[in-house]
Amino acid sequence: MKHLSEATLRRRLDDPASLAAGDRAHLRACRRCKDLAAQVVGDARRAAELLEGTPLAPVDPAAVLKALRKRGAVG
Amino acid sequence: MAGNFEDLFLAEYPRVLCIAERVLRKRTEAEQLAREVMAAFGRTWPALPDDCAVRLHRAALDASFDRARDKRLEDAGGEAGVSDAQVTAALVRMPRPSAEVLVLRSSRLTYAETAAVLQVEEEQIGAMLRRAELRLLREAAV
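Bear in mind that the values here come from a model prediction, so they are computed numbers and not experimental data.

A. Representation of the overall build of chain A within the structure. Counting secondary structure elements, chain A contains four helices and zero strands. Helices and strands appear in chain A in the N-to-C order α-α-α-α. By the compact-globule yardstick of 11 Å for 75 residues, chain A is too spread out, its C-alpha radius of gyration being 21 Å. Counting every atom, chain A has about 4,700 Å² of accessible surface; 54% of that belongs to carbon and sulfur. Charge separation in chain A, taken as the distance between the mean sites of 15 positive and 9 negative side-chain charges, equals 4 Å.

Below, the structure written as structure tokens:
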């Protein structure tokens, strides 16, 4: 059977249901695809750590809109 | 999603801010930019188009990367926030679609929303993300 692509494995990380039943069975049985999947997961986590850094502080859009309206910046 | 500006603002300001913060790495700068983007969008579109959220996300990306290029020059001789500056610099150096797919997904846009902003098929997003993550790791040398 054809091995899974990196794109398929990357999408699986965000959306496990995107993997077809046949692909899931292949992934369970194939050492090469398991190793690649682990690599994809690790790279995605390291990239997310870089990008996301510290968690975003909460924001109150209603308060921001009110402040902008007070300044006449928006209608 | 056509509607009124207030609804758009309340629904999308957090994500516009997130897009700006992912690129600029500084909350204060990101807030300023996000407010400018929202205000400009309101002036440009007194009647909101059906795809206003897509256009707004695109405007947020463009403004963020434009500002990041200026910020990179300003930071070139600085010493504060080195790791954040490195991430911004890496994003600016990367092919633009790669940097954009990372920023959009890390701003919690869905695959469908991300594809709409980038004007690609949703099925391409997985491959784009994989390439972009590898590129970011190389660019940031981690």
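B. Region of the structure containing the overall build of chain B. Assigned secondary structure in chain B consists of seven helices and zero strands. N-terminal to C-terminal, the α/β element order of chain B is α-α-α-α-α-α-α. In chain B, which comprises 142 residues, the proportion classed as buried is 48%. Expressed as a percentage of contacts within chain B between residues at least 6 apart in sequence, the contacts between residues at least 24 apart total 64%. Split by element, the accessible area of chain B, about 6,500 Å² in all, is 50% carbon and sulfur.

C. Here's a closer look at unusual backbone geometry. Residues and elements named next belong to chain B. Phi at Arg25 takes a positive value of approximately 70°, unusual for a residue other than glycine. Relative to the assigned elements, Arg25 resides in the loop between helix 1 (5–24) and helix 2 (27–44). Its relative accessible area of 11% is what places Arg25 among the buried residues.

D. Representation of the interface of chain A and chain B within the structure. Contacts between the two partners involve 27 residues from chain A and, on the opposite side, 33 residues from chain B. Note on chain A versus chain B: buried area summed over both sides is about 2,800 Å², and carbon and sulfur give 64% of it. Area buried by chain A at its contact with chain B is led by A:Leu50, A:Leu51 and A:Leu56, which between them contribute 25% of it. For the interface between chain A and chain B, the tally reads seven salt bridges. A:Asp14 is the salt-bridge partner of B:Arg105, the closest N and O atoms lying 3.2 Å from each other. Run the count over chain A and chain B and you get 12 residue pairs in polar contact (both at pLDDT 80 or more). Of all the elements in the fold, those that place two or more residues in the side of chain A that touches chain B are helix 1 (6–14), helix 3 (31–52) and helix 4 (61–70) of chain A. For the side of chain A that touches chain B, the element with the most residues is helix 3 of chain A, which contributes nine residues.

E. Spatial organisation of the environment of B:Phe9. Mapped onto the secondary structure, B:Phe9 falls in helix 1. C-alpha separation for the pair B:Phe9 and B:Arg35, spaced 26 residues apart in sequence, amounts to 9.9 Å.

F. Region of interest: the packing of helix 6 (residues 111–118) of chain B against helix 7 (residues 125–139) of chain B. Residue and element names in this part refer to chain B. At a minimum axis separation of 10 Å, helix 6 and helix 7 run at an interaxial angle of 80°. In terms of orientation, helix 6 lies roughly perpendicular with respect to helix 7. In this structure, helix 6 uses Tyr111, Thr114, Ala115 and Leu118 to contact helix 7, whose residues at the interface are Ile125, Gly126, Met128 and Leu129. Here the residues of the contact of helix 6 with helix 7 sort into six nonpolar, two polar and no charged.

Cut-offs and rules
- Residues numbered from 1 in each chain as written.
- Chains lettered and ligands numbered in written order.
- Predicted model: local features only at pLDDT ≥ 70, side-chain atom pairs only at ≥ 80, totals over all residues.
- Heavy atoms only, no water.
- Helix = DSSP H or I, 4+ residues; strand = E, 2+ residues; numbered from the N terminus.
- Rg over C-alpha atoms; globule rule 2.2 N^0.38 Å.
- Areas by Shrake-Rupley, 256 points an atom, 1.4 Å probe, with all protein chains shown as cover.
- Lys, Arg positive; Asp, Glu negative; His and termini not counted.
- Charge placed at Lys NZ, Arg CZ, Asp CG, Glu CD.
- Buried < 20%, exposed > 50% of the residue type's maximum accessible area, 1.4 Å probe, protein only.
- Contact = heavy atoms within 4.5 Å.
- Buried area = accessible area lost by both parts, 1.4 Å probe.
- Salt bridge = Lys/Arg side-chain N within 4 Å of Asp/Glu carboxyl O.
- Polar contact = N/O pair within 3.5 Å; in protein donor to acceptor, adjacent residues only side chain to side chain.
- Axes fitted to C-alpha atoms, helices over the stretch in contact; angles between N-to-C directions.
- Parallel < 35°, antiparallel > 145°, perpendicular 65-115°, else oblique.
- Nonpolar A, V, L, I, M, F, W, Y, C, P; charged D, E, K, R; others polar.

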